[in-house]
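Secondary and tertiary structure notes
Listed below are the residues making up each chain.
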Amino acid sequence: MLRCIVRLQSQVGNAFSLSKVCPRNQYYECVARYSAATAERKRFYQDVSISQSEGGLYEINLDQRKLKTPGGKLFTVPNEALAIAVATEWDAQRDTLKFYTMHLTTLCNTALDNPTQRSKEQMITAALKFLETDTICYRVDEPHGLVELQRNEWDPVLQWIEKRYNVTIGSSASILGPEIPEATKDTLRQHLKSHNFWSLTGLEYVITQLKSIVLSLGMIDRHLSVEQAVLLSRLEEEYQIRRWGNVEWAHDYDMYELRARTAAGALFVHLTSESSTVKHKLLQD
C-alpha cells in the first residue's frame with residue numbers, strides 16, 4: 001500500500017500552504033494569497049509514522065510529536081490511505097521543510113480548520129458558480145485555427161459530461177457565455193451532494209486550478225488524465241505559445257506546478273471518498 005501511495009504521490013509535487021484563518025467572505029482571496037506562500041523552516045524531526053486513535057481516525061507522528069493544524073487542532077484524517085499519503089509528504093522533506101510543496105497536508109488542514117467557516121451547501125454553490133464561466137464553454141470566433149482546436153478538443157469532453165450526467169451545457173462565443181439550464185445546475189448539485197465535506201474540499205480545489213467544473217469532473221471520473229485535463233484547461237495559451245513561442249523554462253515550470261496541484265486535488269478527492277471501492281481500487285493499482 002505504501003508503494004502505491006508513493007507512486008501516486010509522485011504526481012503531486014508542489015502546492016500552496018494555508019497557515020492563517022481567513023475572513024468568511026474572502027475565500028478566493030485567501031486561496032490566492034496562500035498559494036504564493038514560500039514558508040520554509042529547518043526539518044526538526046527524524047522519523048514519520050502514523051497511528052490510529054481510539055475513535056478510528058489516523059494521526060501523523062513526527063518522532064514523538066503529534067502533528068497539529070495551523071488552527072491548533074490535532075491533525076487527524078479519516079482513513080489509513082490518506083494518512084500514509086500525508087506521512088509520505090512529511091518524510092519526503094529534506095533538510096528544509098518546504099510547506100508550499102505539501103499539497104495533501106494543506107488540503108487536510110483546510111478541511112479540518114475550515115478557515116472560511118463554510119457549510120457543505122456553500123461549497124457546492126461556489127463550485128457550481130464555475131459552471132457559468134467554465135473554461136471550455138467559452139469559445140473564440142477567431143482565429144480559425146484556434147476555433148477548430150477548441151471544437152476538436154473541447155467538444156468531445158462536453159459531449160461526454162452531457163451524456164454522463166444527462167444534462168445540457170453547451171458552449172458560446174458570446175461574452176455572456178452559454179445559458180446553463182436550471183435543470184443542469186440541479187442535477188450537478190445533487191451529484192456534488194453525494195461528496196462528503198473532505199471530498200468537496202479537494203474537488204473545489206481542482207476546479208479552481210482548472211477553472212472548469214467540466215474538466216474537473218471528467219478527471220475525477222477518470223475520463224481524463226491529469227495531463228489531459230491540464231492541457232485542455234490551457235488550450236488557448238498552448239495555441240499562442242506554438243504560434244508565437246515562449247520562455248521555455250517559465251512555461252515548463254507553470255505546467256509542472258498546475259499538474260502537481262491538480263493531481264494533488266484529484267488524489268485527495270479519491271482518498272477521502274466515502275466509497276471504499278474507490279480507495280480499494282487505488283491501492284490495488
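Now for a look at the structure at hand. Since the structure is predicted, the reported quantities are computational estimates derived from the model, not experimental observations.

A few points about the overall build of the protein chain
Looking only at helices and strands, the protein chain features 13 helices and six strands. Here the protein chain holds 285 residues, and 51% of them are scored as buried. Counted over contacts in the protein chain with a minimum sequence separation of 6, partners at least 24 positions apart contribute 67%. Accessible surface for the protein chain amounts to roughly 14,400 Å². Of this, 50% is attributable to carbon and sulfur atoms.

Overview of the nonpolar core
Ile-169, Leu-192, Ile-213 and Val-214 are the most contacted members of the largest nonpolar core, which has 44 residues in total. Mapped onto this core, the elements with two or more residues apiece are helix 5 (120-129), helix 6 (144-165), helix 7 (182-193), helix 8 (197-210), helix 9 (213-220), helix 10 (226-233), helix 11 (235-244) and helix 12 (248-271). Top element by residues in this core is helix 6. It accounts for eight residues. Beyond its immediate stretch of four places on either side in the chain, Leu-192 contacts Lys-120, Ile-124, Ala-127, Leu-128, Leu-200, Leu-203 and Ile-213. If you look at the next biggest cluster of nonpolar residues, it comprises 27 residues, including Leu-62, Met-102, Trp-198 and Tyr-205.

Details of the pairing of strand 2 (residues 48-52)
Alignment of strand 2 against strand 3 (residues 58-62), held across five bridges, turns out to be antiparallel. Looking across to strand 3, one finds that Ser-51 is bridged to Glu-59. Between strand 2 and the antiparallel strand that follows it, strand 3, lie five residues; Gly-56 among them carries a positive phi value of about 95°.

Basis of the calculations
- Residues numbered from 1 in each chain as written.
- Predicted model: local features only at pLDDT ≥ 70, side-chain atom pairs only at ≥ 80, totals over all residues.
- Heavy atoms only, no water.
- Helix = DSSP H or I, 4+ residues; strand = E, 2+ residues; numbered from the N terminus.
- Buried < 20%, exposed > 50% of the residue type's maximum accessible area, 1.4 Å probe, protein only.
- Contact = heavy atoms within 4.5 Å.
- Areas by Shrake-Rupley, 256 points an atom, 1.4 Å probe, with all protein chains shown as cover.
- Core = buried A, V, L, I, M, F, W, Y, C linked by side-chain atoms within 4.5 Å.
- Pairing = 2+ DSSP bridges.

Worth remembering: the numbers are spatial, not functional.
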